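# Residue-level structural notes
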Amino acid sequence: MQDIRILTAGDSSLLVEFGKEISPEINRKIAATVQLMREQHIEGVVDIIPAFCSLLINYDPRVISYEEMKQRMQDLIKVDAKAEAGRKRVFEIPVCYGGEYGPDIANIAKNAGLSEKEVIEIHSSRDYLIYMLGFLPGFTYLGGLDERIHTPRLATPRIKINAGSVGIGGSQTGIYPLDSPGGWQLMGMTPVKTYDPDREIPILVEAGDYIRFVPVTEAEYLEIKAQVDRGMYQVVVHEGEV
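Residues numbered from 1 in each chain as written. Predicted model: local features only at pLDDT ≥ 70, side-chain atom pairs only at ≥ 80, totals over all residues. Heavy atoms only, no water.

So, about the pattern of salt bridges. Per the counting criterion, the structure on display carries twelve salt bridges. D209 serves as the salt-bridge partner of R89, at 2.8 Å between the closest nitrogen and oxygen. Remark: D209 occurs in the loop between β12 (185-189) and β13 (210-215) and R89 occurs in strand β5 (residues 87-97); sequence separation between them is 120 residues. Each member of the pair, R89 as well as D209, is classed as buried. (Salt bridge = Lys/Arg side-chain N within 4 Å of Asp/Glu carboxyl O. Helix = DSSP H or I, 4+ residues; strand = E, 2+ residues; numbered from the N terminus. Buried < 20%, exposed > 50% of the residue type's maximum accessible area, 1.4 Å probe, protein only.)

Given below as structure tokens:
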């Protein structure tokens, strides 16, 4: 791993750069650092925002000075790399692919020179690492999309994409957590709410977690949606070690 740099980011923020490339190794180090910060409850830290290769820490300079904050971060990032081998959480996200739920799946299949069935099998065949959250609350930036189904974004973005839509944009795949404009090619929809402001923890997943897409029929989709609407559905989560 490249040398880690600690930079100022305004008068109340630090930016910790862990490298210049997007990689699981760097992501695990960022996740481990976030975990250590939460465990230590550093007084004065207001927010911790992980990204692909960096970590932004917002702090209250009235509580902790820049010098103190920088020293705390220098100490944390020196912690033994074994701290990186933490828990691995894999969230199973049911998806109804194609039809009215995935209006662009034919475009994705045509671009890849594959059948729609093959596209679904490829898309649901691996666990995707959540590198970061952003754009919208709970919007997941996932790594690991098979190159065979990389698909260009739409030439003209949609004015509205429904919450729960699963799509592909270039080399990335993800879930729209809210109704919003967007230009990704839509291949399916999940009834699971990855963001729910009425939930105790509004955002379902965290950076460093994994998502596994599980194909379901329309009947299964509607059944799960009914459970979600009643607050009865529990997302399946597998836990292990990275």
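A few words on the packing of aromatic side chains. Any pair of aromatic rings gets described here by the distance separating the centres and the angle formed by the planes. If you walk through the whole model with that rule in mind, you get eight aromatic pairs. Seen from their ring centres, F139 and Y141 are 5.2 Å apart, and the 65 degrees between their planes marks the pair as edge-to-face. For F139, a relative accessible area of 1% puts it in the buried group. Residue Y141 is classed as buried on the basis of its relative accessible area, which comes to 19%. (Phe/Tyr/Trp six-rings, centres within 6.5 Å; stacked < 30°, edge-to-face > 60°.)

This next bit is on the sheet that holds strand β3 (residues 45-50). The strands that make up a sheet pair up through hydrogen bonds in the backbone, lying either parallel or antiparallel. Ordered by their spatial adjacency, four strands build an open sheet running β1-β2-β4-β3, and the pairing between neighbours is antiparallel. Because the sheet does not close on itself, it has two edges, and the strands there are β1 (5-8) and β3. The mean angle between the axes of side-by-side strands here comes to 20 degrees, regardless of whether they run parallel or antiparallel. (Pairing = 2+ DSSP bridges. Axes fitted to C-alpha atoms, helices over the stretch in contact; angles between N-to-C directions.)

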